[in-house]
Amino acid sequence: MTCKLPPYVLQELPNITDVINYPLKNVHRIKFTCFDVSKSLIAFGATSGGIYVYNRSPCEFVQLIPNKDGPITRLTISSDEKHIGFANGKGMVTVTACDQTLSGGHSSTASKDHHGNEITAMVWSGNMLFTGDDVGRVSVLQLQSFITKTIFQSSSQIILSLDSRICQLDAKDCMLLVSTITRCYICNIIQEQYRQIGQKLRDGEFGACFVTKDKANVNGELESSQQDYTEVKKYNIVDGELGFTVGEQFSNTLIYCARPSSRLWEATVDGMVRRTHQFKQVLAKQPMKVITDSFDNENVPVESVDENSNGQSVIFSKLYSINGAIFSFNRHALYFLNVHNVDDTLWFDKYNDIVDCKIYHDLLYIWLSNGSLICTRFMKLHKFLVQCYLDEKYTLCADLCALYHDYLLTSNPSPKLHILVGLREKLDSNGLLDRIKDILEKLDALKLSEATQMKSGIYVVDNTYHAQTTLDEKCETNEDSYSIQPDPLLALKGLSNAVSDKFTVSKKILKDKWDDIEEKVKQFNSERQSIQETTKNFQEIIPRKIPDEELVTEYPLPLDQDIVFKDSSQKAIETDNNSLDNDRVCKSLYQYHRLSLVNKEMEKTNLISMIENNACDISKIYELMLSLERYCISVGALDESKFVPNNIFLTYLCISTNKCDLLDAIINDEVLYKYFVDSCILINIKSRKLSNVGCECGFPLPFARTNETPIFSDLIDEFIERQWSVQTKEQCYDICKKMPYLWRKILYLRRNEDLLNVLRILLQMLDESLLHSFLPQFTLDTWDRAIQLYAVLHANICLNCNKKFDHISVKDMLSWDDLGSLIIKSVRGKNAIELMKKHGHLIDLGALTIKFYHSCLLACLYEKYDVTIVSQLVDTIYNSYEFEESRLEICRLLKCTKTGEIKNTALPLTVAAMSDHWGLKPLRDRLLSIKKDENTITLQEILINMIELFKGVSDCSLCGLPLQNEVLIKDGGLWTFKCGHNFHGACLDLNKIKLCPSCSH
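Residues numbered from 1 in each chain as written. Predicted model: local features only at pLDDT ≥ 70, side-chain atom pairs only at ≥ 80, totals over all residues. Heavy atoms only, no water.

(A) Structural detail: the overall build of the protein chain. Within the protein chain, the regular secondary structure consists of 34 helices and 34 strands. Put simply, the protein chain has 1001 residues, and 50% of those count as buried. Summarising the internal contacts of the protein chain: among those between residues at least 6 apart in sequence, 60% fall at separations of at least 24. Split by element, the accessible area of the protein chain, about 48,800 Å² in all, is 49% carbon and sulfur. (Helix = DSSP H or I, 4+ residues; strand = E, 2+ residues; numbered from the N terminus. Buried < 20%, exposed > 50% of the residue type's maximum accessible area, 1.4 Å probe, protein only. Contact = heavy atoms within 4.5 Å. Areas by Shrake-Rupley, 256 points an atom, 1.4 Å probe, with all protein chains shown as cover.)

In structure tokens, the structure reads:
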């Protein structure tokens, strides 16, 4: 097919990078981590936990919103710009006020629904913040009004639990779009339902977005689609041919979902796929050039696309709507996909190492890994040509007319382009004018109809100012907000509608409506006093609301007391006595489970008596659990039918006095063994303790959350240990593949084997504490192999199956420097340097920094006098290297050891005070709390804080003079031994002391 230039341009606007980076100009420890853009603001999250807020236009720093919950990983600005929602690495989601005041007070609310998980997507919809994480959960955090705040104690809740990582969220009025690794879902916030879009699955980071076509307003106003609902619940899935009841406000709204091989699905808002758009072939054409001040149209590629080429297969990990196109990006390219005319699709490769992109109307902000923030504008050609002319960029305007010569001649030009005929008077270049002569003649014809009728009926004739203002118009979208309201307010709303529609309604009807309001208000306080406290706790913990009649606070529980489902108590059970007793036991067990969710400290003996009075051995207990599963189904608790018996079964095993015998019986019985393992897995999947921490082959991945202990971890560990002792190791490995955390237990059980046999598992877990425990077993040969394996792992490749994993960055978890410190502690500094030198070809340039080499040198010097000092020394050097004064002091120390000898085993105070490992941890904590964002601390500041902290320890024990003696400090400085004792350097030199004189050793 022939290739033509799409009638769109991407213009790079003036650089704002210096303004953005100015607040961090002199602070090297703080880095920006994420950003967002709104109508008038730009906000950046930082590693310090703070949020740096800027005016968008003109770009200028406004304020710093502080936060002490750790580095921010994601943030988003609300549509009304009153709030900023952000998340940290621990999975905590916080909303803070975004008022640009100088008072310094910022109210905030937080949610821990995703605690322990990585937040992957956030989006605002009115006053609701929707958040998705890496295990497939979606929560909503709603900002409470003055009314709802007094009624509802919790404003945040999990509403969706999907099968895989959330890739992208988008919101449109009452509809929420969720894109995961495998599927896309459309959710109706009002109906509390969701549906899968399409049937074919996928595997990868694919995005999705809403796109709204232009629609004329009714009577000049936007139609409001706002609806209220009473409470947030977990959404129900809609299957089959069932869909949502979609209002007319969505008749012009479409959904686009990314698919593999450069494809997009186009779907309606009710979840039905209409067509597939293919962009693989059109992306085979050359990338376009970004319009800059130095734009050269001679280098713009205009060539044919080979129909036999393989095209470009792109994963559209994020999708956004911008100026009639669908925008996506990856690390090295920007894509503008035209779903109306595929030939008008274009892409750009000017920017490398793209971290993230944000869009506001036709503005695109591109954030690069080097800290640059590039602002660009994506525009239609005719609009950009008019803008160039009005900006007096006449040569650029003419150049573009020449470049798009064929398009301007064959298309129906916009009437606004008639202004370009003025180029004849503005340009001196006859050659350039000759190239666009026929275009200007065509634009001359537009002068006949130069009068433009506005909406008001007024005609504007050849008005340059009108052209400029029309060019700058922004169509603001009216974002509706949804707020949780109690039933009485809904009734009041219904009443107001009725009154507005019919003024002739009778007094009796009005009175009935008000009575209905009063009755609903009373429902909040009319429950029995004996169950109020239980109900309150229950609502805070249980996502699904249960009527108050279903709760009791008396235990031990009578078997014949109905407290869970009224339907089950009214149902006549016509069975024999054994069946009746069995149902009563199951009911009591189910009641116990429900109450245990409210009261975590419930008496465990009740559970033991309930089970042991009705089951004499483990086989009978297993049968009882199956009966409990059937009972849950019979009373409508289908979602809990597996979880409840599994949880009770494992709880009983934990508290039973015959635990060891029961575990042995389970190991020797195939059916019981499978039930036990399945129970452990289901319980931990339900509670999200089994996250994506394992490779497909079953090996553990080096994931930060692998240190989370699963539920019933002690029981599982004991089960593994007993099973290991009876030589059923393969079964242990099978369990570990399903629960990667258990590889720690396997490593412990294999601790006496040759380390090479378990080295792959040990390295791939990348647990520094675990590696430390194995350090005594490492030899030079072991480290030789470990470095080779780590080089593979450093490339994010599994050491067992050689498959690549992309959602984890190994180098951010354990760097070459970190590995080097472990080697120094294990085989000393000289051997560490030789090992790294031997494998230098595997190590990236600059991956090993100067602190590794300095640690090796100092370890060689200090271990001559104290062989136990190496680990402490290395940790201290690594910690203190964050501070400039400490680095300089270490360099001075090494310069004084040209003969290969040190004077003593102490370190300069400016080095020792900046580490947790050299006896001065309280001092370091105090200093860091004072100097939060600074990496320079003077010796005088250290001394003042040390004297205040360690009262009574302000003198040198060798000379009896104060440590803060300026003469002695200038002569030899202040030095600290690993035990934390401080001395004048001159006193140590005079007495030729190598080890601490205050310690007995």
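(B) Region of the structure containing the packing of helix H26 (residues 816–838) against helix H28 (residues 870–880). Running from amino to carboxyl end, H26 crosses H28 at an angle of 160°, the nearest separation of the two axes being 9 Å. What the angle tells us is that H26 and H28 run roughly antiparallel. For the element pair H26 and H28, the recorded crossing hand is right-handed. Contacts between H26 and H28 involve Asp817, Asp818, Gly820, Ser821, Ile824, Lys825 and Arg828 from the first element and Val870, Ser871, Val874, Asp875 and Tyr878 from the second. Classifying every residue of the contact of H26 with H28 gives four nonpolar, three polar and five charged. (Axes fitted to C-alpha atoms, helices over the stretch in contact; angles between N-to-C directions. Parallel < 35°, antiparallel > 145°, perpendicular 65-115°, else oblique. Left-handed = near helix turned anticlockwise from the far one by under 90°. Nonpolar A, V, L, I, M, F, W, Y, C, P; charged D, E, K, R; others polar.)

(C) Molecular detail of the confidence of the model for the protein chain. Of the residues in the protein chain, 72% reach a pLDDT of 70 or more, and the chain-wide mean stands at 77. This model gives residues 100–104 a pLDDT under 50, and the stretch forms five contacts once residues within four places in sequence are excluded. Scored below 50 in pLDDT, residues 464–469 makes six contacts in the model with residues more than four places away or belonging to other chains. (pLDDT = per-residue confidence, 0-100.)

(D) Spatial organisation of the pattern of salt bridges. Here the structure, examined in full by the defined rule, presents 22 salt bridges. Measuring nitrogen to oxygen at the nearest pair gives 2.8 Å for the salt bridge that ties glutamate 205 to arginine 165. Separated by 40 residues along the polypeptide, glutamate 205 in the loop between strand E17 (193–196) and strand E18 (208–212) and arginine 165 in the loop between strand E13 (156–161) and strand E14 (166–172) bring together distant segments of the chain. Arginine 165 gets classed as buried once you look at its relative accessible area, which sits at 17%. Two residues, arginine 892 and glutamate 889, come together in a salt bridge whose shortest N-O distance is 2.9 Å. With arginine 892 and glutamate 889 both in helix H29 (residues 884–895), this residue pair falls three residues apart, about one helical turn. Residue classification places arginine 892 among the partly exposed residues on the basis of a relative accessible area of 38%. Beyond isolated ion pairs, a larger network of salt bridges with shared partners links Glu118, Arg165 and Glu205. (Salt bridge = Lys/Arg side-chain N within 4 Å of Asp/Glu carboxyl O.)

(E) A look at the sheet that holds strand E21 (residues 263–268). Spatial strand order, E18-E20-E21-E22: four strands in an open sheet with antiparallel pairing. Only two strands of the sheet have a single neighbouring strand rather than two, namely E18 and strand E22 (273–278). Each strand axis lies, on average, 25° off the axis of its neighbour in the sheet, ignoring direction. Relative to E21, strand E20 (residues 253–259) runs antiparallel, the two being bridged by six bridges. Along E21, the bridge assignment pairs cysteine 257 with tryptophan 265. (Pairing = 2+ DSSP bridges.)

(F) The arrangement of the state of the cysteines in detail. Going through the model one piece at a time under the given rule, you end up with zero disulfides. Distance from the sulfur of cysteine 388, which forms no disulfide, to the nearest cysteine sulfur (cysteine 397) is 5.6 Å. Given a relative accessible area of 2%, cysteine 388 falls into the buried group. (Disulfide = S-S within 2.5 Å.)

(G) Focus on the environment of leucine 75. With respect to the secondary-structure elements, leucine 75 resides in strand E6 (residues 72–77). Take leucine 75: its relative accessible area is 3%, and that puts it in the buried class. For the pair leucine 75 and alanine 87, spaced twelve residues apart in sequence, the C-alpha separation works out to 6.4 Å. Leucine 75 has contacts with Cys34, Phe35, Asp36, Ala43, Phe44, Gly45, Ile51, Ile84, Gly85, Phe86 and Met122, leaving out every residue within four places of it along the chain.

(H) Quick look at the nonpolar core. Among the nonpolar cores identified, the biggest contains 95 residues, and Leu589, Phe649, Phe676 and Trp783 are the most heavily contacted of them. Tallying contributions element by element places H26 first for this core, with nine residues. Apart from the residues within four sequence positions on either side, leucine 589 is in contact with Leu607, Met610, Ile611, Leu624, Met625, Leu628 and Ile648. (Core = buried A, V, L, I, M, F, W, Y, C linked by side-chain atoms within 4.5 Å.)

(I) Representation of helix H27 (residues 850–862) in the model. Here H27 spans 18 Å end to end across 13 residues, near enough to the 18 Å set by a 1.5 Å rise per residue. Turning to H27, its buried residues are Phe852, His854, Ser855, Cys856, Leu858, Ala859, Leu861 and Tyr862. The inward-facing, buried residues of H27 abut H26, H28, H29 and strand E32 (907–908). (Expected span 1.5 Å × (residues − 1).)

(J) Region of the structure containing the sheet that holds E13. Taken in spatial order, the four strands line up as E10-E11-E12-E13 in an open sheet, and their pairing is antiparallel. Only two strands of the sheet have a single partner each, and these edge strands are strand E10 (119–125) and E13. When strand polarity is set aside, the average angle formed by the axes of neighbouring strands in this sheet is 20°. Of the strand pairs in this sheet, strand E12 (residues 137–142) and E13 are connected by five bridges, and their pairing is antiparallel. Bridge pairing in E13 places arginine 137 opposite serine 161.

(K) Structural view of H29. A rise of 1.5 Å per residue sets the reference length of H29, with its twelve residues, at 16 Å; its end C-alpha atoms lie 17 Å apart and thus fit the reference within 8%. Regarding H29, the residues found buried are Ser886, Glu889, Ile890, Leu893 and Leu894. For H29, the buried positions fall inside an angular range of 140° around the axis, keeping them on one side. The inward-facing, buried residues of H29 abut H27, H28, E32, helix H30 (909–912) and strand E33 (974–976). (Arc of directions from axis to C-beta.)

(L) Structural context of unusual backbone geometry. The residue after serine 57, namely proline 58, is reached through a cis peptide bond having omega -5°. In this structure, proline 58 sits in the loop between strand E4 (51–55) and strand E5 (60–65). Even without being a glycine, aspartate 353 presents a positive backbone phi close to 55°. Along the polypeptide, aspartate 353 turns up in the loop between strand E26 (346–348) and strand E27 (354–360). According to the relative accessible area criterion, aspartate 353 is partly exposed, its value standing at 29%. The residue asparagine 802 is not glycine, and still its phi comes out positive at about 65°. Within the fold, asparagine 802 resides in the loop between helix H25 (780–794) and H26. According to the relative accessible area criterion, asparagine 802 is exposed, its value standing at 58%.

(M) Quick peek at the environment of leucine 995. You can see leucine 995 is positioned in the segment after helix H34 (985–991). Leucine 995 sits 18 residues away from phenylalanine 977 along the chain, and the two C-alpha atoms are 7.6 Å apart.

(N) Geometry of the packing of aromatic side chains. This structure, assessed with the given rule, holds 27 aromatic pairs. Ring centres 5.8 Å apart and planes at 65° place the aromatic pair phenylalanine 35 and tryptophan 367 in the edge-to-face group. Highlighted residues: phenylalanine 35 in strand E2 (residues 32–37) and tryptophan 367 in strand E28 (residues 363–368), separated in sequence by 332 residues. The buried category is assigned to tryptophan 367, whose relative accessible area is 6%. Pairing phenylalanine 316 with tyrosine 335 gives two aromatic rings, centres 6.0 Å apart and planes at 70°, and the pair type is edge-to-face. With phenylalanine 316 in the loop between E22 and strand E23 (320–322) and tyrosine 335 in strand E25 (residues 334–337), this residue pair connects regions lying 19 residues apart in the sequence. Looking at phenylalanine 316, the relative accessible area reads 0%, which means it is buried. Among the aromatic residues, those joined into a ring-pair cluster are Tyr8, Tyr320, Phe327, Phe329, Phe336, Phe348 and Phe378. The cationic tip of arginine 259 hangs over the ring face of tryptophan 265; the distance from NZ or CZ to the ring centre is 4.0 Å. (Phe/Tyr/Trp six-rings, centres within 6.5 Å; stacked < 30°, edge-to-face > 60°. Lys NZ or Arg CZ within 6 Å of the ring centre and 35° of its normal.)

(O) Local environment of the packing of helix H23 (residues 755–765) against H25. One can describe the packing of H23 onto H25 by two numbers: an axis separation of 10 Å at closest approach and a directional angle of 35°. Read as a crossing pair, H23 and H25 show a hand that is right-handed. Contact residues: Leu755, Leu756, Leu759, Arg760, Leu763 and Gln764 in H23; Thr782, Arg785, Ala786, Leu789, Tyr790 and Leu793 in H25. Class assignment of the residues belonging to the contact of H23 with H25 gives a composition of eight nonpolar, two polar and two charged.

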